There are 6 protein chains.
Amino acid sequence: MPYVNIKVTREGVTREQKAALIAGVTELLLQVLGKSPALTHVVIEEVELDNWGLGGLSVTAFREQNR
Amino acid sequence: MPYVNIKVTREGVTREQKAALIAGVTELLLQVLGKSPALTHVVIEEVELDNWGLGGLSVTAFREQNR
Amino acid sequence: MPYVNIKVTREGVTREQKAALIAGVTELLLQVLGKSPALTHVVIEEVELDNWGLGGLSVTAFREQNR
Amino acid sequence: MPYVNIKVTREGVTREQKAALIAGVTELLLQVLGKSPALTHVVIEEVELDNWGLGGLSVTAFREQNR
Amino acid sequence: MPYVNIKVTREGVTREQKAALIAGVTELLLQVLGKSPALTHVVIEEVELDNWGLGGLSVTAFREQNR
Amino acid sequence: MPYVNIKVTREGVTREQKAALIAGVTELLLQVLGKSPALTHVVIEEVELDNWGLGGLSVTAFREQNR
């Protein structure tokens, strides 16, 4: 039953890293709540740096400022 | 008022299929809850196969394993 | 694989209406995209009238204004 | 068309504050993108302190640690 | 703590407009709820016109009909 | 930067289990993607059994049928 949505910035997350996130979250829900992996859905969404804001700035601007 | 978000894997959903999903969900909310179509928003999000996990595997890996 | 999230205002949606929404959306995804009901998750979220805004007003205020 | 979802911790946000958030976001989308208020939906979701995590801790634990 | 998700149609929103949305929402949450900008995350998601439905039609069809 | 949303059925998830989910997801994102825990937000949402559908049935009905 669990549905997990992971939003991260679009910065070249590899297929292997995505697989590790999916496996890790599914295992965590099995260990902590006994949720069946067969019913656990995980969706990873990658967000452009211009489209993610923190501290009132986009990540693009935030990083330029803190270079 | 209803807002409906439909997440499916990115596998060539056609414009006609999207239109059918939008029309169908809007009609369903009108029939079941009397919600006005003019206030019903439907958003379809298509997710890469590597980015959707089920059973601890990405859909890509899940399908390779079950070929 | 589909995950469908339905947000509606919290206004006494009955168990039967929720069941009709779940059945209707699942059937629609089967008919339009051939998605297996066993993999189709539907989540209904009910939102307080003060917490939903339209036209710059909460639904509470919007309705008071249009009584 | 815009749909804005605001998630905040459940800490007694008042009706007036919710109205101010709804009005403010709707005005912002009108000013920046010319979006019609009549088509702008805003949903505010309040999350229990135990249910929001930051720095690996729930907000409850995070605040106890930093008292 | 706030997490704000803004969904708009994919119609050439510029970097500057995104920055203005991020700054505006962050300022609004600071003014209304006293939320620290350093903890305020804003994510902007752009949705294809075929993927957004209103009034039972996709935005593409809706606009063709109302040309 | 990561924002993780975990939706589970409302079935008495304890404070300790929530803390374990938050810690586990934050650690996973640190290990796999090197994401700073201080920027990792996790939100757990608990959904009523009548409000979660699978196989075209609500979880309530699904479990009654499979008792």
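Bear in mind the structure is a predicted one, so any value in this text is a computation, not a measurement.

In terms of helices and strands, chain A carries 2 helices and 4 strands. Starting at the N terminus and ending at the C terminus, chain A contains elements arranged as β-α-β-β-β-α. The C-alpha radius of gyration computed for chain A amounts to 15 Å, which surpasses the reference 11 Å derived for 67 residues by more than 25%, pointing to a less compact arrangement than a globule. With respect to the three principal axes, the spread of C-alpha positions in chain A is 45 × 25 × 15 Å. Among the 67 residues that make up chain A, the fraction classed as buried is 55%. Each charge sign in chain A was given a centre, from 7 positive and 8 negative side chains, and these centres are 3 Å apart.

As a further point, take the pairing of strand β2 (residues 41–47) of chain F. All names here are of chain F. Burial runs high along β2: 7 of the 7 residues are buried. By the alternation rule, side chains of β2 split into H41, V43, E45 and V47 and V42, I44 and E46, which are all buried. Bridge count for strand β1 (residues 3–9) against β2 is 7 bridges, and the pairing is parallel. Directly across from N5, in β2, lies its bridge partner V43. Taken together, β1, helix α1 (residues 15–33) and β2 constitute a β-α-β crossover, and its handedness is right-handed.

In the contact formed by helix α1 (residues 15–33) of chain B and helix α1 (residues 15–33) of chain C, the axes pass within 10 Å of each other and the chain directions differ by 160°. The angle between the axes of α1(B) and α1(C) places the two elements in the roughly antiparallel class. Relative to α1(C), the crossing made by α1(B) is right-handed. Here α1(B) contributes B:Q17, B:A20, B:L21, B:G24, B:V25, B:L28, B:L29, B:V32 and B:L33 to the contact with α1(C), which in turn contributes C:Q17, C:A20, C:L21, C:G24, C:V25, C:L28, C:L29, C:V32 and C:L33. Here the residues of the contact of α1(B) with α1(C) are counted per class, giving 14 nonpolar, 4 polar and no charged.

What follows deals with the sheet that holds strand β1 (residues 3–9) of chain D. The 8 strands lie next to each other as β4(A)-β3(A)-β2(E)-β1(E)-β1(D)-β2(D)-β3(C)-β4(C), forming an open sheet whose pairing is mixed. The sheet is open, and its two edges are formed by β4 (57–58) of chain A together with β4 (57–58) of chain C, each paired on a single side. In the packing of helix α1 (residues 15–33) of chain D onto the sheet, the strands contacted are β3 (52–54) and β4 of chain C, β1 and β2 (41–47) of chain D together with β1 (3–9) of chain E, and the crossing angle to β2(D) comes to about 140°. Its contacts with the sheet put helix α1 (residues 15–33) of chain E on β3 (52–54) and β4 of chain A, β1 of chain D together with β1 and β2 (41–47) of chain E, and the angle it makes with β2(E) is roughly 140°.

Taken from the UniProt record, the annotation "active site" (unreviewed entry) applies to A:P2. Mapped onto the elements, A:P2 comes out in the segment before β1 (3–9). Excluding residues within four positions of it along the chain, A:P2 makes contact with A:L29, A:K35, A:L39, A:T40, A:H41, F:K7, F:V8 and F:W52.

Every contact between the two is made by 13 residues of chain B and, on the other side, 16 residues of chain A. Buried area between chain B and chain A, summed over both chains or domains, comes out near 1,100 Å², and the portion from carbon and sulfur atoms is 50%. By the criterion of area lost to chain A, the three top residues of chain B are B:D50, B:N51 and B:G56, representing 42% of everything that side buries. Run the count over chain B and chain A and you get 2 salt bridges. Our enumeration of links across chain B and chain A arrives at 7 residue pairs in polar contact (both at pLDDT 80 or more).

What follows concerns the packing of aromatic side chains. Applying the stated criterion across every chain, the model contains 3 aromatic pairs over all chains. Summarising the aromatic geometry, the rings of E:Y3 and F:Y3 are spaced 3.6 Å apart at their centres and angled 5° between planes, so their arrangement reads as stacked. Within this pair, whereas E:Y3 is found in strand β1, its partner F:Y3 is found in strand β1, the two belonging to separate chains. Each member of the pair E:Y3 and F:Y3 is classed as buried.

What follows deals with empty space enclosed by the protein. Remark: the empty space left among the atoms is shown by a probe the size of a water molecule rolled over them. One pass over the full model with this rule turns up 1 cavity of 30 Å³ or more. Here the largest cavity defines a volume of roughly 300 Å³. As for the largest cavity, its lining consists of 22 residues, and the residues nearest its centre are B:K7, C:K7, D:K7, E:K7 and F:K7.

Bringing the side chain of E:K7 into the picture now. As for its position among the elements, E:K7 is in strand β1. Of the polar contacts made by the side chain of E:K7, one reaches the side chain of E:E45; its length is 3.5 Å. With residues near it in sequence (within four places) discarded, E:K7 still touches B:Y3, B:N5, B:V43, B:E45, D:M1, D:P2, D:Y3, E:E45 and E:W52.

Once that is clear, we can look at the relation of the copies chain B and chain A. Note on the chain copies: they are related by a rotation about an axis and a translation along it. It takes a turn of 120° to lay chain B on chain A, together with a shift of 0.0 Å along the axis; the resulting RMSD is 0.0 Å. The relationship between the two copies is best expressed as a three-fold rotation axis. Measuring from the rotation axis to each C-alpha of chain B, the shortest distance belongs to B:E45, at 5.9 Å. Each copy contacts the other with its own distinct surface, as only 8% of the interface residues of chain B are interface residues in chain A too.

About the cut-offs
Residues numbered from 1 in each chain as written. Chains lettered and ligands numbered in written order. Predicted model: local features only at pLDDT ≥ 70, side-chain atom pairs only at ≥ 80, totals over all residues. Heavy atoms only, no water. Helix = DSSP H or I, 4+ residues; strand = E, 2+ residues; numbered from the N terminus. Rg over C-alpha atoms; globule rule 2.2 N^0.38 Å. Buried < 20%, exposed > 50% of the residue type's maximum accessible area, 1.4 Å probe, protein only. Lys, Arg positive; Asp, Glu negative; His and termini not counted. Charge placed at Lys NZ, Arg CZ, Asp CG, Glu CD. Pairing = 2+ DSSP bridges. Right-handed = clockwise from strand over helix to strand, strands pointing away. Axes fitted to C-alpha atoms, helices over the stretch in contact; angles between N-to-C directions. Parallel < 35°, antiparallel > 145°, perpendicular 65-115°, else oblique. Left-handed = near helix turned anticlockwise from the far one by under 90°. Contact = heavy atoms within 4.5 Å. Nonpolar A, V, L, I, M, F, W, Y, C, P; charged D, E, K, R; others polar. UniProt positions renumbered as here; feature names shortened; annotations may be inferred. Buried area = accessible area lost by both parts, 1.4 Å probe. Salt bridge = Lys/Arg side-chain N within 4 Å of Asp/Glu carboxyl O. Polar contact = N/O pair within 3.5 Å; in protein donor to acceptor, adjacent residues only side chain to side chain. Phe/Tyr/Trp six-rings, centres within 6.5 Å; stacked < 30°, edge-to-face > 60°. 1 Å grid on protein atoms, 1.4 Å probe; cavity = no way out; pocket = protein on both sides within 12 Å on 5 of 7 lines; lining within 4 Å. Points joined across faces, edges and corners; volume = space filled by probe spheres on them. Least-squares fit on C-alpha atoms with pLDDT ≥ 70 in both.

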